[in-house]
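# Notes for the structure review
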Number of protein chains: 2
Amino acid sequence: MPQFEAVVTIELKPDILDPAGEATGHVLQQLGYPLEQLRIGRHITLTVQAADVAQAERLVGEMAQNLLANPVMETYQVQVKAG
Amino acid sequence: MPQFEAVVTIELKPDILDPAGEATGHVLQQLGYPLEQLRIGRHITLTVQAADVAQAERLVGEMAQNLLANPVMETYQVQVKAG
């Protein structure tokens with residue numbers, strides 16, 4: 001079965017606190033960088049076997065929704081590269 | 001001064017172990033997903049003040065190289081959105 005590379009990008013929703021991002025942003029500001037805001041999300045790369053791109057997107061979307069992201073606090077985007 | 005949104009995508013180099021990614025991949029495989037490999041990187045979004053896109057790219061590149069990524073173990077990509 002063909003393999004597809006996919007990327008799942010996960011960001012915290014805007015109203016969820018991000019202490020690690022805030023701390024990192026403060027350090028950069030103290031070093032003199034003209035930074036307004038910094039948020040840290042996840043960039044998950046994976047390879048799935050699927051019959052076609054549509055099935056790969058469905059599978060990766062399911063994994064993202066049910067296991068990789070926390071839909072209460074996070075938003076996610078799925079990108080599947082054509083095999 | 002104009003503000004620019006930027007994204008820094010950080011991935012572990014291929015020969016660096018990723019225990020969290022491996023554990024997540026195993027769980028998904030045990031749930032029946034036809035997964036080959038899964039790696040977890042970071043997706044950092046930030047806003048900087050700069051005179052133009054070129055300066056914003058330079059600033060964000062510096063931050064990524066010196067502070068956000070660990071260039072020994074990680075690779076990074078910088079994308080600045082036109083203000």
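In the annotation of an unreviewed UniProt entry, the entry for chain A reads Phosphoribosylformylglycinamidine synthase subunit PurS, and the organism field reads Sulfobacillus acidophilus. One UniProt comment on chain A, placed under Sequence similarities (unreviewed entry), says "Belongs to the PurS family."

## Points about the interface of chain B and chain A
Facing the 30 residues of chain B at the interface are 30 residues of chain A. Between chain B and chain A the total buried area reaches about 2,600 Å² when both faces are included, carbon and sulfur atoms providing 64% of it. For chain B, the biggest contributors to the area lost against chain A are Y33, P34 and H43 of chain B; these three give 23% of the whole. Taken together, the connections running from chain B to chain A amount to 18 residue pairs in polar contact (both at pLDDT 80 or more). Breaking the side of chain B that touches chain A down by element, the ones donating at least two residues are β1 (3-12), α1 (19-30), β2 (35-49) and α2 (53-68) of chain B. Element by element, the count of residues in the side of chain B that touches chain A is highest for β2 of chain B, at 15 residues. Taken together, the residues of the side of chain B that touches chain A sort by class into 15 nonpolar, ten polar and five charged. Here 13 bridges tie strand β2 (residues 35-49) of chain A to β2 of chain B, and the two strands are oriented antiparallel to one another. In the sheet register, L38 of chain A faces β2 of chain B, and the bridge partner there is L46 of chain B.

The rules behind these values
Residues numbered from 1 in each chain as written. Chains lettered and ligands numbered in written order. Predicted model: local features only at pLDDT ≥ 70, side-chain atom pairs only at ≥ 80, totals over all residues. Heavy atoms only, no water. UniProt positions renumbered as here; feature names shortened; annotations may be inferred. Contact = heavy atoms within 4.5 Å. Buried area = accessible area lost by both parts, 1.4 Å probe. Polar contact = N/O pair within 3.5 Å; in protein donor to acceptor, adjacent residues only side chain to side chain. Helix = DSSP H or I, 4+ residues; strand = E, 2+ residues; numbered from the N terminus. Nonpolar A, V, L, I, M, F, W, Y, C, P; charged D, E, K, R; others polar. Pairing = 2+ DSSP bridges.

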